[in-house]
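# Secondary and tertiary structure notes
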Amino acid sequence: MIDFNNVSKTYPNGTHALYDVSIHIDKGEFAFIVGASGAGKSTFLKLIMHEESPSSGEIIVNNLNITKMRRRKVPYLRRHMGIVFQDFRLIDKMNVFDNVAFAMRAIGASASSIKKRVPYILELVGLKNKMKNKPSELSGGEQQRVSLARALVNNPEIIIADEPTGNVDPEMSHDIIQLLSEINDMGTTVLVVTHEHELVRQFNKRVIVIDHGRVKSDTKNPEAALAY
Ligand code: ADP
Ligand code: ADP
């Protein structure tokens, strides 16, 4: 599903963000990516989304070699990805239904499939009763669930979440990860960047620790991973 083979990333200003990273993530896996601020976590995600390209090494996502993918091919890659941001990135002029429908319209889905699928997904994240509300009328946790619904609605193979609980209270944070875990149980590969160790401890998942641009540990034992 995702393969990094000896990937390094140096930004144009000379900052070495990742250094000789090799990681294999199977279809259907759930992995937390943890590490200090500036460790290279966001860069790792940006390389998967091809928002940045690597300086050396090779990246395969979904059987596509994206190492040198052309800009115009990127939308094709992103079609298979659902992306969840720390700051939600919802459109406040639109209600909850339309925020989620927007992602389906963007790929040319029919009106009838939108009408069926959006309420189904909103029910899955527990927000069917807020369909007509504007994002500003919802709590942080609810807004993040809308953003999760939007990421899910096109049935992506991979969900990528960059600090999805950063603007959400602790109890709701647990619910968001729980929801991602249930989505993972249905077969979607899930990658979650977080610096919240408590949260990582609550779920028994693979934990990839990035430290100064290198993979410091990669284990299914959260306690071992977090002892850094
Ligand atoms: P996070 O994803 O951990 O919230 P960011 O990706 O926003 O953080 O930034 C992480 C670090 O990278 C910060 O120290 C930030 O100042 C730095 N950074 C982000 N973008 C740039 C940039 N374009 N040029 C230089 N430094 C950057
Ligand atoms: P994290 O997400 O773990 O906080 P990042 O991947 O954002 O780390 O950053 C890794 C390193 O790369 C940091 O030193 C950061 O300042 C630097 N960096 C991130 N983005 C840029 C950029 N666009 N230009 C230059 N340096 C960057």
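What you are looking at is a predicted structure, and each value in this text was computed from that prediction instead of being measured. (Residues numbered from 1 in each chain as written. Chains lettered and ligands numbered in written order. Predicted model: local features only at pLDDT ≥ 70, side-chain atom pairs only at ≥ 80, totals over all residues. Heavy atoms only, no water.)

Turning to the pairing of strand β10 (residues 214-219), a few remarks are in order. Bridging between strand β9 (residues 206-211) and β10 involves 5 bridges; their strand directions are antiparallel. Bridging across to β10, Asp 211 finds its partner in Arg 214. What sits between the antiparallel neighbours β9 and β10 is a turn of 2 residues, in which His 212 has the positive phi angle 45°. (Pairing = 2+ DSSP bridges. Helix = DSSP H or I, 4+ residues; strand = E, 2+ residues; numbered from the N terminus.)

Now for the side chain of Ser 147. Tracing the backbone through its elements, the reader meets Ser 147 in helix α5 (residues 140-152). Owing to a relative accessible area of 0%, Ser 147 belongs among the buried residues under this scheme. Ignoring sequence-local partners within four residues, the contact set of Ser 147 consists of Val 84, Phe 85, Phe 88 and Leu 90. (Buried < 20%, exposed > 50% of the residue type's maximum accessible area, 1.4 Å probe, protein only. Contact = heavy atoms within 4.5 Å.)

It is worth spelling out the side chain of Lys 9 at this point. Among the structural elements, Lys 9 can be located in strand β1 (residues 2-10). On the basis of relative accessibility, which here comes to 6%, the residue Lys 9 falls in the buried class. Of the polar contacts made by the side chain of Lys 9, one reaches the side chain of Glu 52; its length is 3.5 Å. The residues touching Lys 9, leaving out its near neighbours within four places in the chain, are Thr 15, His 16, Ala 17, Leu 18, Thr 43, Leu 47, Glu 52, Ser 53, Pro 54 and Ser 55. (Polar contact = N/O pair within 3.5 Å; in protein donor to acceptor, adjacent residues only side chain to side chain.)

Attention shifts here to the layout of surface pockets. Each pocket or cavity is described by its volume, and for the largest pocket that value is around 540 Å³. Around the largest pocket, the lining is made up of 19 residues, and of these Arg 78, Met 81, Ala 103, Arg 150 and Asn 154 lie nearest the centre. If one sorts the elements of the lining of the largest pocket by residue count, helix α3 (residues 96-106) sits on top with 4 residues. Of the voids in this model, the second largest pocket is the one considered here, and its volume is about 150 Å³. Considering the residues around the second largest pocket, the lining is formed by Ser 42, Leu 45, Lys 46, Met 49, Glu 51, Ile 83, Phe 85, Gln 86, Asp 87, Arg 89 and Asp 162. With 3 residues, the single largest contributor to the lining of the second largest pocket is helix α1 (residues 41-48). Within the lining of the second largest pocket, the residues separate by chemical class into 4 nonpolar, 2 polar and 5 charged. (1 Å grid on protein atoms, 1.4 Å probe; cavity = no way out; pocket = protein on both sides within 12 Å on 5 of 7 lines; lining within 4 Å. Points joined across faces, edges and corners; volume = space filled by probe spheres on them. Nonpolar A, V, L, I, M, F, W, Y, C, P; charged D, E, K, R; others polar.)

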